[in-house]
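Below are the chains, spelled out letter by letter.
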Amino acid sequence: MGDNMDEEQQALLDDVLIVLDIIVILAVEDNPVLGIVFVGLLKAVTKDRAVRIAFILLVIVLNMGRRK
C-alpha cells in the first residue's frame, strides 16, 4: 500500500511539473527560448522533483515581479 501511494504521488508531481514547465515557457514572453532552455537545463541538472518545482516557482515569481 505504501509503494502504491508513493507511485501516485510521483505521478502527481510529474503532472504538476509539466504544467509548471508550460507556465514558465509562457511567462517568459520576451524570449520563450530562454524558458525552454531553463526547463531543459533544470531537467538535466536535477532529478529531485521537489527541487525542480521550487526553482520553477522561483522563476515564475521573479518573472512576475519584473513585469511590474
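Whatever comes next refers back to the structure up there.
Here is a short report on the structure shown in this document. Since the model is a prediction, treat every value here as computed from it, not as a measurement. (Residues numbered from 1 in each chain as written. Predicted model: local features only at pLDDT ≥ 70, side-chain atom pairs only at ≥ 80, totals over all residues. Heavy atoms only, no water.)

## So, a nonpolar patch on the surface
Then step 1. Nonpolar side chains collect at one region of the surface, where Val-51, Phe-55, Leu-58 and Leu-62 lie side by side and expose about 350 Å² of accessible area between them.
Then step 2. Judged by its relative accessible area of 43%, Leu-58 falls in the partly exposed class. (Patch = residues over 30% accessible without salt bridge, like charges linked within 9 Å, V, L, I, M, F, W, Y side chains within 5 Å. Areas by Shrake-Rupley, 256 points an atom, 1.4 Å probe, with all protein chains shown as cover. Salt bridge = Lys/Arg side-chain N within 4 Å of Asp/Glu carboxyl O. Buried < 20%, exposed > 50% of the residue type's maximum accessible area, 1.4 Å probe, protein only.)

## Thoughts on the pattern of salt bridges
Then step 1. Enumeration over the complete set of coordinates arrives at 2 salt bridges.
Then step 2. Lys-43 is the partner of Asp-21 in a salt bridge, and the nearest nitrogen-oxygen pair spans 3.7 Å. Highlighted residues: Asp-21 in helix 1 (residues 2–27) and Lys-43 in helix 2 (residues 32–45), separated in sequence by 22 residues.
Then step 3. Taking relative accessible area as the criterion, Lys-43 reaches 39% and is therefore assigned partly exposed. (Helix = DSSP H or I, 4+ residues; strand = E, 2+ residues; numbered from the N terminus.)

## Some points on helix 2
Then step 1. Under the 1.5 Å per step criterion, the end-to-end length of helix 2 is 20 Å for 14 residues, consistent within 8% with the ideal 20 Å.
Then step 2. Every buried residue of helix 2 is accounted for by Gly-35, Val-39 and Leu-42. Axial view of helix 2: buried residues confined to an arc of 65°, hence all on one face. Residues of helix 2 that are exposed and angled more than 90 degrees away from the buried face: Val-33, Leu-34, Leu-41, Ala-44 and Val-45. (Expected span 1.5 Å × (residues − 1). Arc of directions from axis to C-beta.)

## A short note on the environment of Ile-60
Then step 1. With respect to the element layout, Ile-60 can be found in helix 3 (residues 49–67).
Then step 2. Sequence spacing of Ile-60 and Leu-20 is 40 residues, and the spatial spacing of their C-alpha atoms is 8.8 Å.
Then step 3. Each residue touching Ile-60, except ones within four places of it in the same chain, is listed here: Leu-20, Ile-23 and Val-24. (Contact = heavy atoms within 4.5 Å.)

Coordinates in, geometry out; function isn't part of it.
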